[in-house]
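# A structural walkthrough
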Amino acid sequence: MMKQLLAATAITALLASTTAASAAQCTNDAWNKVMSRGKIVVGVKADYKPWGFRNESGELVGMEIDMAKDVAETMGVKLEMVPVQSSNRMQFLEQGKIDLMIATMSDRPDRRKIVGIIQPNYYTSGTNVMSPKAVGLKKWEDLRGKPVCGKQGAFYNKIVSERYGADIVAFTGNAEAKQALRDKKCIAWVYDDSSIMSDLSSGNWDAYEMPLNSEDDNPWGLAVPPAEKDCVFGQFMTGMSYNWLQSGRLIELEKKWGIQPTAFLANQKKRMKDWLDK
Amino acid sequence: MKHIPGVTSAPTTDLPVLLPLDRTRARPPEAMMVSRWLAGLPAWTPLPLLALMLLWPLTAEAAYTYGQAVDALWRWLPFLVKSGFLYNVVISFLAMAIGTAAGAALGLAQISQIAAIRRTAWFVTQLFRNSPWLVLLFIVMLALPFELVIGDTIISIPDWTKAVFGLSLPIMANISEIVRGAVQSVPSAQWEASEALAFNRRQILWMIILPQCIKRMIPPWMNWYAILTMATPLCSLLAVEEIVTLSRQAIEAEDNHPELLVPFYSFIMVIFFAYCYPIARLTVRLERKFAVKL
């Protein structure tokens, strides 16, 4: 009798503790907040064409803005977009100022500790430099001890400076960084390879080249508040992400915004192909 | 009028003579420096700068022409003015209103008869007067919450309202000094005469001293407004959506051609000049009009 009672108490205690634990893990605060106020606040870029930028009437447009619209539509809530910068986007998410971040963020191990980065990743880009042909860069090591222009908040600034000993001069905007490159304040401008490619193909940078092999091909991740990653919101966004890749929606958007087609999206689509589809 | 050599005509001697008092130079200049400098510029000041801007692209090397850059500016102009510059004006108006109200109270506290109030007010004034504006902005931005939850209602506090508060702090401190200085500049005989007529301290302050102060406070007050307006682009460092932030985004949307930098930033300069210049001229005119007759 005594034993049974003890066992029963132990089981109840165990049950209580497990439910308490999972409840503590998943409060779903952000999800509930979004649902109760009927509005999702998404942090997007307003200075990263063509992923997130403004049109002349001031509206935010771009590939990631279309993704944010998909999310709001699926959840059946209104969409509010907050422009974020590379330097403040993670703080905004941590503080709860935004509920979701789709802001060209590279998925890095150190960032995973701060925000809830969602799998699967939705895009990828590598790091490269644009440099005057006259400089004749051959390899990354040529940057050692030389000034290299970049944009504040980009993770590869640190990598290029640590791995290759370049002196990074970081500007608030890319126009300023490119002007500095033109003024010969630095021997190269370090940025995403896809952006550099589109600049070079525009015909305005004929005296420049992208001489190096792209490095750190790095997937991009969208993010939810850290506490939500393994809860309703995180799981929902994983589903959104999967569907975007699987249905070819992202390839469609890539085409819509004139981004050079990447092998990454094509491969992901192939990988996630429905086995019943012919 | 009697003929006095050296005053009404050229001096007839090279021995030192006492020059007549030049009333425009007799006042301490530091409080009104910005307005006086700005008002001293001719109205066509931006024009040579714009002409310089036209010359500039001749040295540029790319296929993207200056004409295209100006065309881009023209297309973005309505948006930059309506959603950008208007915000700067709104921020400056509200910061000035809050700063003036708080500064007036703080200034009066600085002349309080209670030592504790007087010293505290002095300390607060000096603290905010002598701190860099950007540092105050950062502190306010990071210290204030982005939303308030009262019961079930969530009141969000947008960044620009925090910027208003942050900018109003240095304005408050400087207005406080203006109020203190103005009150103390009223000759002490006024206090003594009022006391002799059996007014109490509050009556003397509100009915006799302050009405005389208002006029002399208006020019420095407007001077600070011009300074504040020109300081509003500081908010762009905190990602508040004002004219500099939006210009950067516009440059990005136009593919970051470096040729865009000069037209866009020159436009910002011109619009600020167009706004602040009349204020400065008016300030200096009012100052002359209200100048204390010695």
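The structure presented is a predicted model; accordingly, all values stated were derived computationally and were not measured.

What follows concerns the overall build of chain A. Looking only at helices and strands, chain A has 11 helices and 13 strands in total. The principal-axis extents of the C-alpha atoms in chain A amount to approximately 90 × 40 × 40 Å. For chain A, with 278 residues in total, the buried portion stands at 40%. For chain A, long-range pairs separated by at least 24 residues make up 66% of all intrachain contacts whose partners lie at least 6 apart in sequence.

A few words on the overall build of chain B. Counting its regular elements, chain B contains 11 helices and 2 strands. Secondary structure elements of chain B, listed N to C terminal, follow the sequence α-α-α-α-α-α-β-β-α-α-α-α-α. Across the 294 residues that make up chain B, the buried fraction comes to 33%. For chain B, the share of sequence-separated contacts (at least 6 apart) that also reach a separation of at least 24 residues comes to 77%.

With 86% of its residues at a pLDDT of 70 or more, chain B shows a mean pLDDT of 83. The ipTM, which scores confidence in the relative placement of chains, is 0.71 for this predicted complex, and the corresponding pTM is 0.74.

Attention now moves to the interface of chain B and chain A. Each side of the interface is counted separately: chain B has 22 residues, and chain A has 24 residues. For the side of chain B that touches chain A, the class distribution of residues is 14 nonpolar, 4 polar and 4 charged.

All names here are of chain A. We note that the domain assignment places domain 1 (29–122 + 221–271) and domain 2 (125–218) within chain A. Each partner contributes to the interface: domain 1 provides 9 residues, whereas domain 2 provides 8 residues. Among the residues forming the side of domain 1 that touches domain 2, the class breakdown is 1 nonpolar, 5 polar and 3 charged.

Once that is clear, we can look at the packing of helix α4 (residues 66–110) of chain B against helix α7 (residues 159–185) of chain B. Packed helices, taken two at a time, are described by the angle their axes make and the gap between the axes. All names here are of chain B. Remark: α4 packs on α7, axes separated minimally by 6 Å, with the N-to-C direction vectors making an angle of 40°. The angle between α4 and α7 places the two elements in the oblique class. The hand of the α4/α7 crossing is right-handed. Considering only residue class, the contact of α4 with α7 consists of 20 nonpolar, 8 polar and 1 charged.

In this section: the confidence of the model for chain A. Low-pLDDT portions of the prediction should not be read for the details of their coordinates. The predicted model of chain A has a mean per-residue pLDDT of 82, with 91% of residues at 70 or higher. Note that pLDDT drops below 50 for residues 14–21 of chain A; the model gives that stretch 0 contacts with residues more than four away or on any other chain.

Moving on, we come to the pairing of strand β7 (residues 123–132) of chain A. Residues and elements named next belong to chain A. Burial within β7 is extensive, with 7 of its 10 residues counted as buried. Relative to strand β10 (residues 188–192), β7 is paired through 4 bridges, and the arrangement is antiparallel. If you follow T127 over to β10, its bridge partner there is D192.

Glancing now at the packing of helix α10 (residues 243–253) of chain B against helix α11 (residues 261–290) of chain B. Residue and element names in this part refer to chain B. With their axes 11 Å apart at the nearest point, α10 and α11 run at an angle of 160° to one another. Relative to α11, the element α10 is oriented roughly antiparallel. Of the two elements, α10 crosses α11, and the hand of that crossing is right-handed. Residues I243, V244, S247, A250 and I251 of α10 form the contact with α11, whose own contacting residues are L261, F264 and I268. By residue class, the composition of the contact of α10 with α11 is 7 nonpolar, 1 polar and no charged.

All names here are of chain A. Across 5 bridges, the pairing between strand β8 (residues 147–151) and strand β9 (residues 167–171) is parallel. Looking at β9, one finds that G150 is bridged to A170. Crossover connection from β8 via helix α6 (residues 155–164) to parallel β9: handedness right-handed.

Moving on to the nonpolar core. Burial of nonpolar side chains together is a common tendency in soluble globular proteins. Ranked by size, the top nonpolar core spans 63 residues in total, and within it A:V42, A:I98, A:L100, A:M101, A:I102 and A:A223 carry the most contacts. Setting aside anything within four residues of it in sequence, one finds A:L100 in contact with A:I40, A:V42, A:V71, A:L222 and A:V224. Of all hydrophobic cores here, the second largest spans 37 residues; its members include B:A95, B:A109, B:M172 and B:L234.

Let us now look at α4(B). The terminal C-alpha atoms of α4(B), which comprises 45 residues, lie only 55 Å apart, well short of the 66 Å expected from a rise of 1.5 Å per residue. Taken as a whole, α4(B) carries its principal kink of about 50° at B:W76; the proline B:P78 stands between one and four residues after it.

Our focus in this paragraph is the environment of A:P132. Residue and element names in this part refer to chain A. Relative to the helices and strands, P132 is located in strand β7. C-beta crowding within 10 Å serves as the criterion here: with 17 such atoms nearby, P132 is assigned to the partly exposed category. The sequence separation of P132 and D206 amounts to 74 residues, and the corresponding C-alpha distance is 8.9 Å. Residues in contact with P132, not counting those within four places in the same chain, are A207 and Y208.

Residues and elements named next belong to chain A. Every buried residue belonging to α6 is among Y156, N157 and V160, and all of these are buried. For α6, the angular spread of buried residues about the axis comes to 115°, placing them on one side. Facing away from the buried surface of α6 by more than 90 degrees, the exposed residues are K158 and E162. Contact partners of the buried residues in α6: β7, β8, β9, β10 and β12 (215–220). Immediately beyond the C-terminal end of α6, within one or two residues, lies G165, with a positive phi of roughly 65°.

All names here are of chain A. In this structure, the amide linkage connecting K49 to the following residue, P50, adopts the cis form with an omega of -5°. A cis amide bond links Q119 with the next residue in sequence, P120, at an omega value of -5°. Mapping P120 onto the fold places it in the loop between β6 (116–117) and β7. Non-glycine residue N28 carries a positive phi angle of around 55°. Note on placement: N28 falls in the loop between α1 (2–25) and α2 (29–37). Judged by C-beta crowding, with 15 C-beta atoms within 10 Å, N28 ranks as partly exposed. Of note in the backbone geometry, K184 takes a positive phi value of approximately 65° without being a glycine. With respect to the secondary-structure elements, K184 resides in the loop between α7 (174–182) and β10.

What follows deals with the environment of A:I168. Structurally, A:I168 is set in strand β9. Sequence-distant contacts of A:I168, that is, excluding residues within four places in its chain, are made with A:V148, A:G150, A:N157, A:V160 and A:S161.

Turning our eyes to something else, we now look at the environment of B:A274. Following the sequence through the fold, B:A274 ends up in helix α11. The sequence separation of B:A274 and B:P46 amounts to 228 residues, and the corresponding C-alpha distance is 9.1 Å.

Reading guide: rules and limits
- Residues numbered from 1 in each chain as written.
- Chains lettered and ligands numbered in written order.
- Predicted model: local features only at pLDDT ≥ 70, side-chain atom pairs only at ≥ 80, totals over all residues.
- Helix = DSSP H or I, 4+ residues; strand = E, 2+ residues; numbered from the N terminus.
- Buried ≥ 20, exposed ≤ 12 C-beta atoms within 10 Å, placed from the backbone.
- Contact = placed C-beta atoms within 7 Å.
- pLDDT = per-residue confidence, 0-100.
- Nonpolar A, V, L, I, M, F, W, Y, C, P; charged D, E, K, R; others polar.
- Domains from an automatic or database assignment.
- Axes fitted to C-alpha atoms, helices over the stretch in contact; angles between N-to-C directions.
- Parallel < 35°, antiparallel > 145°, perpendicular 65-115°, else oblique.
- Left-handed = near helix turned anticlockwise from the far one by under 90°.
- Pairing = 2+ DSSP bridges.
- Right-handed = clockwise from strand over helix to strand, strands pointing away.
- Core = buried A, V, L, I, M, F, W, Y, C linked by C-beta atoms within 7 Å.
- Expected span 1.5 Å × (residues − 1).
- Bend = angle between axes of the 7 residues up to and from the residue.
- Arc of directions from axis to C-beta.

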